Amino acid sequence: MSHYLADNPAPEDVAALPGLTLLEFGVDWCPHCQAAQPWLAQFLAARPQLRHLAAEDGKGRRLGRLYGVKLWPSFILLRDGVEIGRAVRPQRLAELEAMVSGWL
């Protein structure tokens with residue numbers, strides 16, 4: 001089973017999401033994405049109120065292009081559909097924790 005949604009939500013649907021949302025962009029075969037999964041699971045388990053969407057990215061993927069994603073994994077924190085934080089290819093849990101600090 002794939003971690004990333006192959007059928008990404010439309011950008012307007014993402015922009016309409018209320019509250020906090022963590023968008024994750026990547027692909028299942030990416031070693032950086034795979035390495036992030038254990039500490040990402042720990043991060044999300046400690047924050048059940050945070051909506052998480054894992055979107056498959058790549059050439060021609062509209063959602064990733066809209067957010068200017070160039071490296072995987074990329075994490076974008078949205079509040080009511082507006083970007084308020086970003087972590088690109090983070091190496092440890094502390095980088096995601098710093099991104100949400102003050103928002104949760």
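Note: the structure precedes this text.
Computed from a predicted model, the values in this text were never measured in an experiment.

A. Broad picture of helix 2 (residues 31–45). In this model, helix 2 (15 residues) spans 22 Å end to end at C-alpha, consistent with the 21 Å of a helix rising 1.5 Å per residue. Packing partners of the buried residues in helix 2 comprise strand 1 (20–26), strand 2 (51–56), strand 3 (74–79) and helix 4 (93–100).

B. Looking closely at the sheet that holds strand 1. Read from one edge of the open sheet, four strands run 2-1-3-4, paired in mixed fashion. The sheet is open, and its two edges are formed by strand 2 and strand 4 (82–88), each paired on a single side. Neighbour-to-neighbour, the strand axes of the sheet open up by a mean angle of 20°, direction not taken into account. Across six bridges, strand 1 lies against strand 2 in parallel orientation.

C. Up close: unusual backbone geometry. Here the bond from Trp 72 into Pro 73 is cis, since omega is -15°, no more than 30 degrees from zero. Tracing the backbone through its elements, the reader meets Pro 73 in the loop between helix 3 (62–66) and strand 3. A positive phi angle, near 50°, is found at Asp 80, a position not held by glycine. Secondary-structure assignment places Asp 80 in the loop between strand 3 and strand 4. Look at Asp 80 and you get partly exposed, because its relative accessible area is 45%.

D. Looking closely at the nonpolar core. Ranked by internal contacts, the top residues of the largest apolar core, which has 17 residues, are Val 14, Leu 23, Phe 25, Tyr 67 and Ile 76. Residue assignment for this core shows that the elements contributing at least two residues are strand 1, strand 2 and strand 3. Among the elements that line this core, the one with the most residues is strand 2, at three residues. Filtering out sequence-adjacent residues up to four positions away, Phe 25 remains in contact with Tyr 4, Ala 55, Asp 57, Leu 63, Gly 64, Tyr 67, Val 69, Trp 72, Pro 73, Ser 74 and Ile 76.

E. Highlighting the pairing of strand 4. Pairing of strand 3 with strand 4 involves six bridges; the strand directions are antiparallel. If you follow Arg 79 over to strand 4, its bridge partner there is Val 82. Joining the antiparallel neighbours strand 3 and strand 4 is a turn of two residues, in which Asp 80 adopts a positive phi near 50°.

F. Just the packing of aromatic side chains, in detail. One pass over the structure, following the stated rule, counts three aromatic pairs. A ring pair is formed by Phe 25 and Tyr 67, whose centres lie 6.1 Å apart and whose planes are at 45°; its orientation type is tilted. One end of the pair, Phe 25, is in strand 1; the other, Tyr 67, is in the loop between helix 3 and strand 3, with 42 residues separating them in the sequence. Across this residue pair, the class does not change: Phe 25 and Tyr 67 are buried.

Here is what the cut-offs are and how they apply
- Residues numbered from 1 in each chain as written.
- Predicted model: local features only at pLDDT ≥ 70, side-chain atom pairs only at ≥ 80, totals over all residues.
- Heavy atoms only, no water.
- Helix = DSSP H or I, 4+ residues; strand = E, 2+ residues; numbered from the N terminus.
- Expected span 1.5 Å × (residues − 1).
- Contact = heavy atoms within 4.5 Å.
- Pairing = 2+ DSSP bridges.
- Axes fitted to C-alpha atoms, helices over the stretch in contact; angles between N-to-C directions.
- Buried < 20%, exposed > 50% of the residue type's maximum accessible area, 1.4 Å probe, protein only.
- Core = buried A, V, L, I, M, F, W, Y, C linked by side-chain atoms within 4.5 Å.
- Phe/Tyr/Trp six-rings, centres within 6.5 Å; stacked < 30°, edge-to-face > 60°.

By themselves, these are just geometric observations and shouldn't be taken as functional.
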